[in-house]
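If you want the building blocks of each chain, they are given just below.
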Amino acid sequence: FVLEQTGARIGIFVYSIDGLDKMVARFVAVRNGDIAANLRRKSFAYMARLIAMIPHQSETKPIADLYVKAMFQTLHHGREYAASQTRRIEGLIEKGDISSRKKEELSQKLHVLSRFTDPVKLSDEEERNFYLSWAVQIGMWIIMLILLFFIGPGDEQEEDPEPSVTKSERKGHRKKGSKKHR
């Protein structure tokens, strides 16, 4: 139920974000090769970065950042990045010289990295829904940018209903019958 409503799996800590799991599955499915494949993989990484920029609950923001970091590191270091980081983190956990909170954070990283080594399987319907939801989200970003840049604040300036009068101006406008002018 929680996964369906929020897109996040929960426990003591959040371990994954369903939409990003599906994006990683598409990212990993693109095989190395020509320029078009590399552009496609980069587009998934940048879409993940857009997701991470959207305000999340405090529990899911660090996880979204982990997905983004892993995607860009995979682009930079190659497909072996997730496997090598998994081995490194498992070694740190096995040492046992870490606090329970740090162990939990490392477990979160392991879970995210596992999505790169063993991605979720998408049905044809899930894949269609994935691309449809991304088309809608990109459309929303475009509309938001259009609204920000073209509709933004107006050029009208507010007029003061009553101009402010300085002390010296008030002295010059005293009535002739006042005490100072007698």
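Residues numbered from 1 in each chain as written. Predicted model: local features only at pLDDT ≥ 70, side-chain atom pairs only at ≥ 80, totals over all residues. Heavy atoms only, no water.

Caption draft 1: Expanded view of a positive patch on the surface. On the surface, Lys69, Arg88, Lys102 and Lys109 cluster together into a positively charged patch. Mapped onto the elements of the fold, Lys102 is located in helix H6 (residues 100–117). (Patch = residues over 30% accessible without salt bridge, like charges linked within 9 Å, V, L, I, M, F, W, Y side chains within 5 Å. Areas by Shrake-Rupley, 256 points an atom, 1.4 Å probe, with all protein chains shown as cover. Salt bridge = Lys/Arg side-chain N within 4 Å of Asp/Glu carboxyl O. Lys, Arg positive; Asp, Glu negative; His and termini not counted. Charge placed at Lys NZ, Arg CZ, Asp CG, Glu CD. Helix = DSSP H or I, 4+ residues; strand = E, 2+ residues; numbered from the N terminus.)

Caption draft 2: Focus on the nonpolar core. Membership of the largest hydrophobic core comes to 33 residues, with the highest contact counts inside it found for Leu20, Met23, Phe44, Tyr67, Met71 and Phe116. Of all the secondary-structure elements, those providing two or more residues to this core are helix H2 (18–29), helix H3 (35–53), helix H4 (61–77), helix H5 (81–95), H6 and helix H7 (124–151). Examining the composition of this core, we find that eight residues originate from one element, H4, more than from any other. Discounting chain neighbours no more than four positions away, the residues touching Phe116 are Val24, Phe27, Val28, Tyr67, Ala70, Met71, Thr74 and Ala82. (Core = buried A, V, L, I, M, F, W, Y, C linked by side-chain atoms within 4.5 Å. Buried < 20%, exposed > 50% of the residue type's maximum accessible area, 1.4 Å probe, protein only. Contact = heavy atoms within 4.5 Å.)

Caption draft 3: Structural detail: the pattern of salt bridges. Counted according to the given criterion, the structure contains four salt bridges. Two residues, Asp21 and Arg115, come together in a salt bridge whose shortest N-O distance is 3.4 Å. Of this pair, Asp21 sits in helix H2 while Arg115 sits in helix H6, and the two are 94 residues apart along the sequence. Take Asp21: its relative accessible area is 1%, and that puts it in the buried class. Residue Arg115 is classed as buried on the basis of its relative accessible area of 13%. Notably, a salt bridge pairs Glu127 with Arg26, separated by 3.3 Å at the nearest N-O pair. One end of the pair, Glu127, is in helix H7; the other, Arg26, is in helix H2, and 101 residues separate them in sequence. Judged by relative accessible area, Arg26 falls into the buried class, the value being 13%.

Caption draft 4: Representation of a nonpolar patch on the surface. A contiguous nonpolar surface patch, about 1,100 Å² in accessible area, is contributed by Ile138, Ile142, Ile143, Met144, Leu145, Ile146, Leu147, Leu148, Phe149, Phe150 and Ile151. Tracing the backbone through its elements, the reader meets Ile142 in helix H7. In this structure Ile142 comes out as partly exposed when scored by relative accessible area, which is 47%.

Caption draft 5: The packing of aromatic side chains, seen in detail. Within the structure shown, the criterion is met by two aromatic pairs. Summarising the aromatic geometry, the rings of Phe27 and Phe116 are spaced 6.0 Å apart at their centres and angled 80 degrees between planes, so their arrangement reads as edge-to-face. Residue Phe27 is found in helix H2, and its partner Phe116 is found in helix H6; the two are separated by 89 residues along the sequence. Comparing Phe27 with Phe116, the two get one shared label, buried. Look at Tyr46 and Phe72: their rings are 5.1 Å apart centre to centre, the planes differ by 80 degrees, and that puts the pair in the edge-to-face class. Here Tyr46, found in helix H3, pairs with Phe72, found in helix H4; they are 26 residues apart in sequence, far enough to count as distant. Sitting above the plane of the Phe72 ring, Arg49 keeps its charged end 4.2 Å from the centroid. (Phe/Tyr/Trp six-rings, centres within 6.5 Å; stacked < 30°, edge-to-face > 60°. Lys NZ or Arg CZ within 6 Å of the ring centre and 35° of its normal.)

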